[in-house]
Amino acid sequence: MKKNIISKLEGPIFTVYTSFTESGDINYREIETYLKFLFENGVETYYVMPYNSRYSQLYEAEIFELNKFVIKTVKDLNKENLCIVSDSIHGPTKLSLDLGFDAFNAGCDIFASICREKYFSDTQIISHYRQLSDILKMPLLVHEMPFLSGYNSQNFKWPYSLIESLSGIENIVAIKEDAKEVDYGKQIIDLLEPEIRVIFAGRKSYFRDLFEHGLKAYLNGISMIDPSIGFYFWEILNLSDTEKINYFINNVDNYFWDNIVKKYGWHRVNKAYLEAAGLFSRHERLPLLELNDNEYQEVVENFNTLTNRMRDINKH
């Protein structure tokens, strides 16, 4: 089962965003419409994750509810779709187990866990994931992002010793790597692939540099508005079409990151971009505020330029 699951984690993996109404309720109708949009445009792997899916704005009970809603919707579209859902950003391992059992009973394929407790030792983190593996006995994804030290409150990347130890935990099938450093990413690939799939997040230039080193999967970005963008990038990577890869990165992806994301931040921009595409409303829940109307107009201009550049690429 583990090898079969890992083999399905290839190319762009698509994030599920959480929509809110203007009054702050979860907008399940809009989420369902977006999931159908992704499916109708070729998406087979769906990932409900803590930050893009706004877990920090949700009640604990809503996380259980959202996970089950997405699983059912995705599996109703096609039972062969791969669905990944997550535990909460903070909380005890027992809560992660409860969310994991609930998710697997609902039909999810992989359960993702993020451990945001302050770091004191490798043993602490390994114990968390080993307990999930031993009790759930189902495929797990490790959401790795820089720790906050319990000793000096500094942020730092996961030690290589900890990364390497993940290979000894039976049911771990994947890791979402979130440090966004090429040299560090290469080390992670060397330590874990092919036994554990490494899913990278960040800019396409980062993925270009990692592809020759064994990159197999990445979390989508601008293809949130059109899955064909992600499939196109993965195709030209596999064709080793250097001219097209560099053109796409310099004129499409970097335009997105270096302008609008740099100014307003990824998490607020993703909702605004989805609204510009007519797929989602940009409403958020406090303590996160959506972009105001003037800021949103800048996003629309950026969106229009980017989509025009994609059309130019598709003409050639």
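Summarised in this report is the structure supplied together with it. If you're wondering where the values come from, they're calculated on a predicted model, not measured in any experiment.

1. Description of the overall build of the protein
In terms of helices and strands, the protein carries 12 helices and 10 strands. For the protein, the C-alpha radius of gyration of 19 Å lies close to 20 Å, the compact-globule estimate for 316 residues. Based on the C-alpha atoms only, the size of the protein along its principal axes is roughly 50 × 45 × 45 Å. Residues classed as buried in the protein amount to 55% of the 316 residues present. A sequence separation of at least 24 residues applies to 69% of the contacts in the protein between residues at least 6 apart. Here the protein displays about 13,900 Å² of accessible surface, and carbon together with sulfur accounts for 47% of that area. Side chains of the protein carry 34 positive and 45 negative charges; the gap between the two charge centres is 1 Å.

2. Comments concerning the sheet that holds strand β1 (residues 11–16)
Taken in spatial order, the eight strands line up as β1-β2-β3-β4-β5-β8-β9-β10 and close into a barrel, and their pairing is parallel. Neighbour to neighbour, the strand axes of the sheet diverge by 25° on average, direction disregarded. Pairing of strand β4 (residues 110–114) with strand β5 (residues 140–144), which is carried by four bridges, proceeds in the parallel orientation. Along β5, the bridge assignment pairs I114 with H143. Sheet contacts for helix α7 (residues 182–192): β5, β8 (172–177) and β9 (197–200); angle to β9, the most-contacted strand, approximately 160°. Each of β1 and β10 (217–219) touches helix α9 (residues 227–238); the most contacted strand, β1, lies at about 155° to it.

3. Quick look at the nonpolar core
Counting 97 residues, the largest nonpolar core has W158, F248, F256 and Y273 as the members making the most contacts within it. With 10 residues, helix α10 (residues 242–264) is the largest single contributor of residues to this core. Grouped together as the second largest cluster of nonpolar side chains are 17 residues, I5, L9, Y47 and A112 included.

4. Observations concerning the packing of aromatic side chains
Per the counting criterion, the structure on display carries 25 aromatic pairs. A connected cluster of aromatic rings, assembled from ring pairs, spans F200, Y206, F207, F211, Y218, Y232, F233, W234 and F248. Across the ring face of F233, the terminal group of K204 is positioned such that the distance to the ring centre comes to 5.8 Å. Directly above the aromatic system of Y296 lies the positively charged group of R282, at a separation of 4.2 Å from the ring centroid.

5. Some words on the environment of K137
Here K137 lies in the loop between α5 (122–136) and β5. Among all residues touching K137, those that are not within four sequence positions of it are L132 and N171. In terms of polar contacts, K137 uses its side chain to reach the backbone carbonyl oxygen of D134, at 2.9 Å.

6. Some details on the environment of N4
Structurally, N4 is set in helix α1 (residues 2–8). The spatial distance from the C-alpha of N4 to the C-alpha of V173 is 9.9 Å, given a sequence separation of 169 residues.

7. Structural notes on the pattern of salt bridges
Within the structure shown, the criterion is met by 18 salt bridges. D209 serves as the salt-bridge partner of R208, at 3.4 Å between the closest nitrogen and oxygen. Among the residues examined, R208 registers a relative accessible area of 28% and is labelled partly exposed. E298 is paired through a salt bridge with K263; the nearest N and O atoms lie 2.8 Å apart. A residue pair is termed long-range when its members are at least 10 positions apart, and E298 in helix α12 (residues 293–315) and K263 in helix α10 qualify at 35 residues. Judged by relative accessible area, E298 falls into the partly exposed class, the value being 29%. Overlapping salt bridges bring together R54, K271 and E284 as one network.

8. What to know about unusual backbone geometry
Between E193 and the following residue, P194, the backbone shows a cis peptide bond with an omega angle of 0°. Topologically, P194 is positioned in the loop between α7 and β9. A cis geometry characterises the amide bond from L286 onward to P287, with omega recorded as 20°. Positionally, P287 belongs in the loop between α11 (266–276) and α12. Residue K137 is not a glycine yet carries a positive backbone phi of 55°.

9. Describing the pairing of strand β2 (residues 45–48)
Taking every second residue as pointing to the same face, both faces of β2 are buried, with T45 and Y47 on one and Y46 and V48 on the other. Pairing between β1 and β2: three bridges, direction parallel. For T15, the partnering residue across the bridge sits in β2 and is Y47. Both β2 and strand β3 (residues 82–86) contribute to a ladder of three bridges, which runs parallel. Considered in β3, the bridge of Y46 is made with C83. Between β2 and its parallel partner β3, the chain crosses via helix α3 (residues 60–77), and the hand of that crossover is right-handed.

Criteria and thresholds
- Residues numbered from 1 in each chain as written.
- Predicted model: local features only at pLDDT ≥ 70, side-chain atom pairs only at ≥ 80, totals over all residues.
- Heavy atoms only, no water.
- Helix = DSSP H or I, 4+ residues; strand = E, 2+ residues; numbered from the N terminus.
- Rg over C-alpha atoms; globule rule 2.2 N^0.38 Å.
- Buried < 20%, exposed > 50% of the residue type's maximum accessible area, 1.4 Å probe, protein only.
- Contact = heavy atoms within 4.5 Å.
- Areas by Shrake-Rupley, 256 points an atom, 1.4 Å probe, with all protein chains shown as cover.
- Lys, Arg positive; Asp, Glu negative; His and termini not counted.
- Charge placed at Lys NZ, Arg CZ, Asp CG, Glu CD.
- Pairing = 2+ DSSP bridges.
- Axes fitted to C-alpha atoms, helices over the stretch in contact; angles between N-to-C directions.
- Core = buried A, V, L, I, M, F, W, Y, C linked by side-chain atoms within 4.5 Å.
- Phe/Tyr/Trp six-rings, centres within 6.5 Å; stacked < 30°, edge-to-face > 60°.
- Lys NZ or Arg CZ within 6 Å of the ring centre and 35° of its normal.
- Polar contact = N/O pair within 3.5 Å; in protein donor to acceptor, adjacent residues only side chain to side chain.
- Salt bridge = Lys/Arg side-chain N within 4 Å of Asp/Glu carboxyl O.
- Right-handed = clockwise from strand over helix to strand, strands pointing away.

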